[in-house]
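# Structural overview for review
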Amino acid sequence: MRDYVTRLPLVTLASVFPLLAAPAPARADGAWVEVNPSSIQAGYRVGIRGSCQENLNDAVAKSEAFGEVKMAPANGFVVSAVTVPADANPRGYTVKLSCANGSTATTTMYVIGMEHPSKGPATGGGGTAASGTGPLILTGGGLAALAAGAGLGLMALRRRRA
């Protein structure tokens, strides 16, 4: 039994170690693309940023959601911004970056369908809202607290003299 207890952790470690020591897969051509925000309501703008290794040439981003847009080099990336049409269906859309050197990358942009309410929520008629006497009540409460403090102060002075 004791031999089993000492061998079990060693066998487990030996079987898991190759998985932990394996290198992470590298990007084959170094291209990547991202959409910010990745979830957007139809009719709003998204920013597209990517990399084509050298980022010296223009690139193209294409999606069913917005069509094709030219991306220009800026600050070490290729960037662009595009408005998602208001009639885009709510779902996930693939965005594909095509670089001048032939590299490609893809990501997913989600168009969400959020209906705008026609009016505010029904929260009541305001019957519990304060009327215009709020400052008067606060002033009366403050004066009562001052009077009570003065009375307690006088009582403390009388006890000390006695």
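As a convention, each chain's residues are numbered from 1 in the sequence order in which they are written. Residue-level local features of this predicted model are given only where pLDDT is at least 70; pairs of side-chain atoms are given and counted only at 80 or more, and the full residue set underlies all totals for whole chains, interfaces and linings. Only hydrogens and water are set aside when side-chain values are computed; all heavy atoms of the structure are taken into account.

## A short note on the state of the cysteines
- Whenever a pair of cysteine sulfur atoms sits within 2.5 Å, that pair is classed as a disulfide. On inspection of all chains with the given rule, the structure shows one disulfide.
- Bridging Cys52 to Cys99, the disulfide has an S-S length of 2.0 Å. Measuring handedness by torsion sign, the sulfur bridge of Cys52 and Cys99 sits at about -75° and is left-handed. Of this pair, Cys52 sits in strand β3 (residues 45–52) while Cys99 sits in the loop between β7 (91–98) and β8 (104–112), and the two are 47 residues apart along the sequence. Across this residue pair, the class does not change: Cys52 and Cys99 are buried. We count a stretch as a helix when DSSP gives it H or I for four or more residues in a row; a strand needs E for two or more, and each element gets its number in order from the N terminus. With a 1.4 Å probe rolled over the protein chains alone, any residue whose accessible area is under 20% of its type maximum counts as buried; one over 50% counts as exposed, and the rest are partly exposed.

## Brief notes about the nonpolar core
- Among the buried residues, those of types Ala, Val, Leu, Ile, Met, Phe, Trp, Tyr and Cys that are joined through side-chain atoms within 4.5 Å form a nonpolar core. In this structure, Ile48, Phe66, Leu97, Met109 and Val111 are the most contacted members of the largest nonpolar core, which totals 25 residues.
- For this core, the secondary-structure elements that each account for two or more residues are β1 (31–36), β3, β4 (59–63), β5 (67–74), β6 (77–83), β7 and β8.
- The contact criterion used is simple: two residues touch if any of their non-hydrogen atoms lie within 4.5 Å. With residues up to four places along the chain from it excluded, the contact list for Met109 reads Val35, Ser38, Ile40, Val46, Ala65, Phe66, Val84, Arg91, Gly92, Tyr93 and Val95.

## Considering the confidence of the model for the chain
- As a per-residue quantity, pLDDT reports the predictor's confidence and falls between 0 and 100. When pLDDT is averaged along the chain, the result is 78, and 71% of the positions lie at 70 or above.
- Segment residues 10–28 is flagged for pLDDT under 50; beyond a separation of four residues in sequence, or across chains, it makes one contact in the model.

## Some details on a nonpolar patch on the surface
- Exposure above 30% relative accessible area and the absence of a salt bridge qualify a residue for a patch, where like charges join within 9 Å and nonpolar side chains (Val, Leu, Ile, Met, Phe, Trp, Tyr) within 5 Å. All accessible areas in this document rest on Shrake-Rupley with a 1.4 Å probe, and a residue is counted as covered only by the protein chains that are shown. Here, a salt bridge means any Lys or Arg side-chain nitrogen found within 4 Å of an Asp or Glu carboxyl oxygen. Taken together, the side chains of Tyr110, Ile112 and Met114 define a hydrophobic patch exposed on the protein surface, amounting to about 290 Å² of accessible area.
- Note that Ile112 resides in strand β8.
- On the basis of relative accessible area, Ile112 is assigned to the partly exposed category, the value being 34%.

## Here's the deal with the pattern of salt bridges
- What the rule picks out here adds up to four salt bridges.
- Across the salt bridge formed by Arg49 and Glu34, the nearest N and O atoms sit 2.7 Å from each other. Here Arg49 is found in strand β3, whereas its partner Glu34 is found in strand β1, with 15 residues between them in sequence.
- Between Asp58 and Lys70 there is a salt bridge, with the nearest N and O atoms lying 3.1 Å from each other. You can see Asp58 sitting in the loop between β3 and β4 and its partner Lys70 sitting in strand β5, a full twelve residues away along the chain.

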